[in-house]
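Residues per chain, in single letters:
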Amino acid sequence: MNLAEGVQLVSFLVLSAMMIGAALGVVLLSNIVYSAFLLALVFVSMSGMYILLNAGFVAAAQILVYVGAVNVLILFGIMLVNKRQDFLPVKNAWLGKAATAAVCLGLFALLSTMVLATPWAISDLMPIGDGAIVAIGKHFFTDYLLPFELASVLLLMAMIGAIVIARRDFLPDELLSSSELPPESEMLTLPERPRQAIAARK
Amino acid sequence: MSVGIDLQSSFIELLQGYGLTPGVAKVVWMPLPMVLIVGAVTVLALVSTWLERKVSAAAQQRIGPEYMGPFGLLVPVADVVKLLFKEDIMPAKTDPWLFSLAPLLVFIPIFLSFLIVPFGQNLLISDLNIGIFLWISLSSIAPIGLLMAGYASNNKYSLLGGLRAAAQSISYELPLALAVLAVVMMSNSLSTIDIVNQQSGYGILSWNIWRQPIGFVIFWIAALAECERMPFDLPEAEEELVAGYQTEYSAVKFMLFYAGSYANLVLSALMVAVLYLGGWGFPISVSAIAGWIGISETTPWLQVITASLGIVMMLFKAYLLLFVAILLRWTVPRVRIDQLLDLGWKFLLPVSLANLLLTAGLKLTFPVAFGG
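Residues numbered from 1 in each chain as written. Chains lettered and ligands numbered in written order. Predicted model: local features only at pLDDT ≥ 70, side-chain atom pairs only at ≥ 80, totals over all residues.

Caption draft 1: Focus on the overall build of chain A. A count of helical and extended segments in chain A gives seven helices and zero strands. Counting from the amino terminus, chain A carries its helices and strands in the arrangement α-α-α-α-α-α-α. Looking at chain A residue by residue over its 202 residues, the buried ones come to 11%. Contacts in chain A between residues far apart in sequence, at least 24 positions, make up 48% of those at least 6 positions apart. (Helix = DSSP H or I, 4+ residues; strand = E, 2+ residues; numbered from the N terminus. Buried ≥ 20, exposed ≤ 12 C-beta atoms within 10 Å, placed from the backbone. Contact = placed C-beta atoms within 7 Å.)

This is how it looks when you write it as structure tokens:
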């Protein structure tokens, strides 16, 4: 084994350990902010995997999109939602947890049998490496044009949704004293003034 | 195009002359440029803090630091020594892990980005194919560090500062990336070396600033906003937020933020030089001068002079831009947060999109001048 292969093996092991550990942390830690930061670590180790696979462009794009955009958005969401209400303890919570565990284990078993059973066609071709940017660009504008455009429409929809939600008029906090807390069914919705009332006032 | 000096191959050949195998010789070479660049960047950042003090003083008709060394040149050293020996205070109710990790998350990507800053044809750590894209993607990690610092400090000012910093940095990344994209479209490559080579034909006349004036202005504004420089230094606006996300930090951790912000400023200035001001190119093409005097471009001493001239030109351009940034600091008042976001989203973003469209149109119409 020469130096390059050794470095590759060690990096692969370190990255895998980092990714699995961080992913477990995302799921198991009770502090949601820690989970969000660990998610960034998962994405970074994934981008390390892409570098090991000679896909530098995809690795950089992974960091830009997932760490720089998606994860920051999640963090913003967590830090700006300032809801000071304790969660009510749910009765028979273990039932839901057990069901989740069963579903997750089933999925894991299914996926691992699939991975083990599939005869993977490992290509002997050299990785495209530095030519990847040109190849990806050509695919985007020829045979993958429709999925590419559909993805952008999806993002547009998400953006419009975000603007609609952000432009709602909330009731100011001081009006909501503890005596007039919303009924239990509306506990988890944001207090909002009905549209008509606002329109009538103007 | 002259090949210039290739230090790596000469060094490896030299070591092989002493009987080392090529593999071992390469391993011995690899850490050298990295250590050199980290040291050089630190010095450059320190010099820019000194420059900031001196130019600020001149802008306010003061003298500035004078007694510590000639022209107060030792002030940055004193800064570093002071911050190194200061007690590292961690406020009681902070989150210790995130609090310590945040400065590193801001600091490391900035130093990593110097991987692709070229000082000459072969004078960079790695001529990556994705080049400038690596810088953009690395600079998108910083907001996470800022949010982390703001959250971990357990302080309202810090959290507000962190959120502001992240919002600002995300908003201005878009015009920045679109301005870079217009340049990349002209040079048909993301590699910083190719971008500079594409501007090197006719000396100063072929620099991108003449072909991309709008892009240059957009990039400079967005870069200043990314570095949280004065017209856009809302995240640490003293009158409103004490010091933003840095409020609770002291000693080495504060030094990491401080050094990071100045290294980022130097990096942005170097990037402007690479993208718009011809990189290491002399205003008059060096190969043309060599042609007039009648010396071959491959003469060893000429190559050494060309390489040194390249480094000097690169630093000269960067520090000229830094000087402009410091003057701007004392000229322009700070914007409000709504003005900042309006400028980013409602002005710079549409203009940079229009600039991209214009560049594409010009590229199709005049392929000779716009790198068809």
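Caption draft 2: Representation of the interface of chain A and chain B in the model. Taken together, the contact between chain A and chain B spans 18 residues of the former and 22 residues of the latter. Of all the elements in the fold, those that place two or more residues in the side of chain A that touches chain B are α2 (32-52) and α3 (56-80) of chain A. When residues in the side of chain A that touches chain B are grouped by element, the largest group, 11 residues, is from α3(A). For the side of chain A that touches chain B, the per-class residue count stands at 13 nonpolar, four polar and one charged. (Nonpolar A, V, L, I, M, F, W, Y, C, P; charged D, E, K, R; others polar.)

Caption draft 3: Looking closely at the domain arrangement of chain A. As far as domains go, chain A holds domain 1 (1-82) and domain 2 (130-169). Domain 1 of chain A and domain 2 of chain A are separated by 22 Å when their C-alpha centres are compared. (Domains from an automatic or database assignment.)

Caption draft 4: Quick peek at the environment of Asn264(B). All names here are of chain B. Counting through the fold element by element, Asn 264 comes out in helix α13 (residues 251-276). Classification of Asn 264 as buried rests on a count of 24 C-beta atoms within 10 Å. With 40 residues separating them in the primary sequence, Asn 264 and Leu 224 have C-alpha atoms 9.8 Å apart. Not counting chain neighbours up to four residues away, the residues in contact with Asn 264 comprise Ile 110 and Cys 227.

Caption draft 5: Just the nonpolar core, in detail. Ranked by size, the top nonpolar core spans 117 residues in total, and within it Met148(B), Val180(B), Phe219(B), Ala222(B), Val266(B), Leu270(B) and Val272(B) carry the most contacts. Per-element accounting of this core gives the leading share, 18 residues, to helix α8 (residues 156-187) of chain B. Contact partners of Met148(B), with chain neighbours within four places excluded, come to Phe37(A), Leu98(B), Leu101(B), Ala102(B) and Leu105(B). (Core = buried A, V, L, I, M, F, W, Y, C linked by C-beta atoms within 7 Å.)

Caption draft 6: Geometry of the environment of Leu275(B). Residue and element names in this part refer to chain B. Within the secondary structure, Leu 275 is located in helix α13. A residue is classified by how many C-beta atoms lie within 10 Å of it, and Leu 275, with 28 of them, is buried. Separated by 76 residues in the primary sequence, Leu 275 and Gln 199 place their C-alpha atoms 8.9 Å from one another. Setting aside its immediate chain neighbours within four residues, Leu 275 contacts Val 180, Val 183, Ile 195, Asn 208 and Phe 219.

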